[in-house]
Amino acid sequence: MNPSAPRLELRHPERHIWEFQTEFGWREQYDCVAHCTRCGCCAQTCPIYQIKHQESFSPRGRNQTLRLVLEKKLNLTPSNPTLIALLESCTLCGRCTQACAGKIPTAEHVLELRRTLHLRVLPRLLFSFLRLRDVRPQLFAKLTRIALFLRRWKAIKLLRVLQFTKIPGLSWLNRLDDMLPNFYSSLDSILTAEEKNLCAVTAPTAIYLPSLEAEFILPQIARRTLDLIKKQQTPVIWRNFPTGLFAYIYADVYQSRRTLLRLMRRHTKTAHGKLPLVTDSIDIYLFLKRAPQLFRNKKYWQIRAQKLADCTRFVTDYLPPVQNTSATSVSGNIRLDSGSLFERENDILEQIRQICYTLFGKNFVECSYTDADTPAFGYAFSAQNCAEQIGLKTVEAIARTQTKKVFVLSGLAALELNYFLKRFYPAAQAQHVIHINE
Ligand code: SF4
Ligand code: SF4
């Protein structure tokens, strides 16, 4: 590490990431931005640039902003509305990194700038509530169950009728109410009998870490994941166990590290940290794969984080091998939507693409590099987002190819996409990729 390289906010170094794990190895912040040749190859892949058509909203513009700040040629101030808008509007999708020959991690740069400015991006109440997931997971679980129970009894509808959701800072309740499914059962009820068996497992061979949505909103994902794992392993389920992803995305690296440490300790205690840790969310998967990045200067923990990363599996690893039954039984086109954070092309996506080719043949429609896909992890609730325009563009691409079903790599992204499909193209439906060969 070069101690003289320019850095952001030296007062709280523990709140930042100084070196990023890239395809070309470890790279310091300044080294990364300095490698931007300003070629512009990334611009057309960026969903925000496609909407805004302004240079500062392109990945190149965001990288140059960080470079200017690091070189002390631009003041990082919360009173600059364009600066705040360009930082808040990034979906963190990582499409730009994929298109860039230098694999510059623009999304990480945006997060670094957000951390320096303490930009929370989410509405205050929602932020405080979701933060509990990392800080007080038991309380978070209780409050979420109460909130979902109240929603079932039309509490949010009542708030809407009484126009409470028009109060500034509460409008996200409308969006949330529209996005959540009308009927959902709880994971508790579908796992009651099974959970006793899972708890009684004394020698597990795999750990299932359900995502937030599988835990509270879409338990059928957890159900199906467990069924798949059980064909090859004896799993235990770690209920309501956060990974630190939320804190990471919403600007708190310190808390993110603490949560990850908890996860690593528990993983080490269970069969000496050798068991595969299976997740159903592509965001959690990618985050855990990059966990060593958070412990770069702490060798011992970096090695442990690497072990955790090596043990992390995405649920599609447990899908049974597909036969070449091909498209004959499929009515309508099928599409794949990544909906993930930080990386748009990775081993998992490639694996699922191959499965789609085998299962659906010519009915599988490939996305073009300019096609928008669903922004992940609560982007729709963040300030200055472009969720509505991106959603419309995604639906346009789906309708243009007369697609009937879209498989998405996380339950939250499926919910988000279904929200738009219901409104603009109800002929199609989004589902978690785990249902691909049901
Ligand atoms: S981020 Fe990469 S693709 Fe984009 S302008 Fe810089 S070098 Fe070119
Ligand atoms: S991460 Fe996505 S939204 Fe952000 S600059 Fe890159 S392509 Fe644009």
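Residues numbered from 1 in each chain as written. Chains lettered and ligands numbered in written order. Predicted model: local features only at pLDDT ≥ 70, side-chain atom pairs only at ≥ 80, totals over all residues.

### Side note on the environment of threonine 91
Part 1 of the argument: The topology assignment puts threonine 91 in the loop between helix H4 (81–89) and helix H5 (95–99).
Part 2 of the argument: In this structure, the C-alpha to C-alpha distance between threonine 91 and alanine 376, residues 285 residues apart in sequence, is 7.4 Å.
Part 3 of the argument: Once you skip the residues sitting within four places of it in the chain, threonine 91 turns out to touch Pro47, Ile48, Pro375 and Tyr379. (Helix = DSSP H or I, 4+ residues; strand = E, 2+ residues; numbered from the N terminus. Contact = placed C-beta atoms within 7 Å.)

### Brief notes about the site of ligand 1
Part 1 of the argument: Around ligand 1 there are 15 residues in total, and Cys36, Cys39, Cys42, Arg60 and Cys100 lie nearest to it.
Part 2 of the argument: Class assignment of the residues belonging to the shell around ligand 1 gives a composition of 9 nonpolar, 4 polar and 2 charged. (Near = placed C-beta within 6 Å. Nonpolar A, V, L, I, M, F, W, Y, C, P; charged D, E, K, R; others polar.)

### Overview of the site of ligand 2
Part 1 of the argument: Near ligand 2 lie 15 residues; those nearest to it are Cys46, Pro59, Cys90, Cys93 and Cys96.
Part 2 of the argument: Breaking the shell around ligand 2 down by element, the ones donating at least two residues are helix H2 (47–52), helix H3 (59–70), H5 and helix H6 (106–117).
Part 3 of the argument: Looking at side-chain class alone, the shell around ligand 2 contains 9 nonpolar, 4 polar and 2 charged residues.

### Focus on the packing of helix H19 (residues 387–400) against helix H20 (residues 411–424)
Part 1 of the argument: For the pair H19 and H20, interaxial distance at closest approach is 10 Å and the crossing angle is 65°. The orientation of H19 with respect to H20, classified from their angle, is roughly perpendicular. H20 is crossed by H19, and the crossing has right-handed handedness. Here H19 contributes Gly391, Leu392, Thr394 and Val395 to the contact with H20, which in turn contributes Leu417, Phe420, Leu421 and Phe424.
Part 2 of the argument: Of the residues belonging to the contact of H19 with H20, the class tally is 6 nonpolar, 2 polar and no charged. (Axes fitted to C-alpha atoms, helices over the stretch in contact; angles between N-to-C directions. Parallel < 35°, antiparallel > 145°, perpendicular 65-115°, else oblique. Left-handed = near helix turned anticlockwise from the far one by under 90°.)

### Things to note about the pairing of strand S10 (residues 429–432)
Part 1 of the argument: Where burial is concerned, the two faces of S10 differ: the one with Ala430 and His432 is buried and the one with Gln429 and Gln431 is not.
Part 2 of the argument: Of the pairings in the sheet, the one linking strand S9 (residues 403–408) to S10 comprises 4 bridges and is parallel in character. Bridge assignment links phenylalanine 407 to a residue of S10, and that residue is glutamine 431.
Part 3 of the argument: In this region the chain leaves S9, passes through H20 and returns to the parallel neighbour S10; the handedness of that crossover is right-handed. (Buried ≥ 20, exposed ≤ 12 C-beta atoms within 10 Å, placed from the backbone. Pairing = 2+ DSSP bridges. Right-handed = clockwise from strand over helix to strand, strands pointing away.)

### Concerning the pairing of strand S3 (residues 206–209)
Part 1 of the argument: Neither face of S3 is left uncovered, since the one carrying Ala206 and Tyr208 and the one carrying Ile207 and Leu209 both have all their residues buried.
Part 2 of the argument: In terms of strand pairing, S3 meets strand S4 (residues 235–237) through 3 bridges, oriented parallel. Considered in S4, the bridge of isoleucine 207 is made with valine 236.
Part 3 of the argument: Sheet analysis places S3 next to strand S5 (residues 277–279), joined by 3 bridges and oriented parallel. Paired with leucine 209 across the two strands is threonine 279, which belongs to S5.

### Digging into the domain arrangement of the chain
Interfaces are often described in size by the accessible area the parts lose on coming together.
Part 1 of the argument: The domain boundaries assigned to the chain delineate domain 1 (13–117), domain 2 (122–318) and domain 3 (326–435).
Part 2 of the argument: Placing a centre on the C-alpha atoms of domain 1 and another on those of domain 3 gives a separation of 25 Å.
Part 3 of the argument: Every contact between the two is made by 15 residues of domain 1 and, on the other side, 17 residues of domain 3.
Part 4 of the argument: A class-by-class count of the residues in the side of domain 1 that touches domain 3 yields 7 nonpolar, 6 polar and 2 charged. (Domains from an automatic or database assignment.)

### Describing helix H15 (residues 253–269)
Part 1 of the argument: Look at H15: 24 Å from first C-alpha to last across 17 residues, which is about the 24 Å you get at 1.5 Å a residue.
Part 2 of the argument: Three or more residues of H15 are buried, namely Val253, Ser256, Arg257, Thr259, Leu260, Leu263 and His267. Summarising the axial view, the buried residues of H15 lie within an arc of 165°, below the 170-degree limit, and thus occupy one face. For H15, the exposed residues set more than 90 degrees away from the buried face come down to Arg265 and Lys269.
Part 3 of the argument: Against the buried residues of H15 lie H6, helix H7 (124–135), helix H14 (245–249), S5 and helix H17 (299–311). (Expected span 1.5 Å × (residues − 1). Arc of directions from axis to C-beta.)

### Some details on the sheet that holds strand S7 (residues 333–337)
By way of backbone hydrogen bonds, the strands of a sheet pair with one another, either parallel or antiparallel.
Part 1 of the argument: With parallel pairing, 4 strands are arranged side by side in an open sheet as S8-S7-S9-S10. The sheet is open, and its two edges are formed by strand S8 (364–365) and S10, each paired on a single side.
Part 2 of the argument: Helix H18 (residues 347–360) rests against S7 and S8 of the sheet, and its axis sits at about 175° to S7.
Part 3 of the argument: Relative to the sheet, H20 contacts S7, S9 and S10, its axis offset from that of S10 by approximately 175°.

### Section: the sheet that holds S5
Part 1 of the argument: Strand order in the open sheet formed by 4 strands is S4-S3-S5-S6, and the pairing between neighbours is parallel. Looking along the sheet, the strands with just one partner apiece sit at the ends: S4 and strand S6 (312–314). Taken pair by pair, the neighbouring strands of this sheet meet at an average axis angle of 30°, ignoring direction.
Part 2 of the argument: By the bridge criterion, 3 bridges tie S5 to S6 in an arrangement that is parallel.

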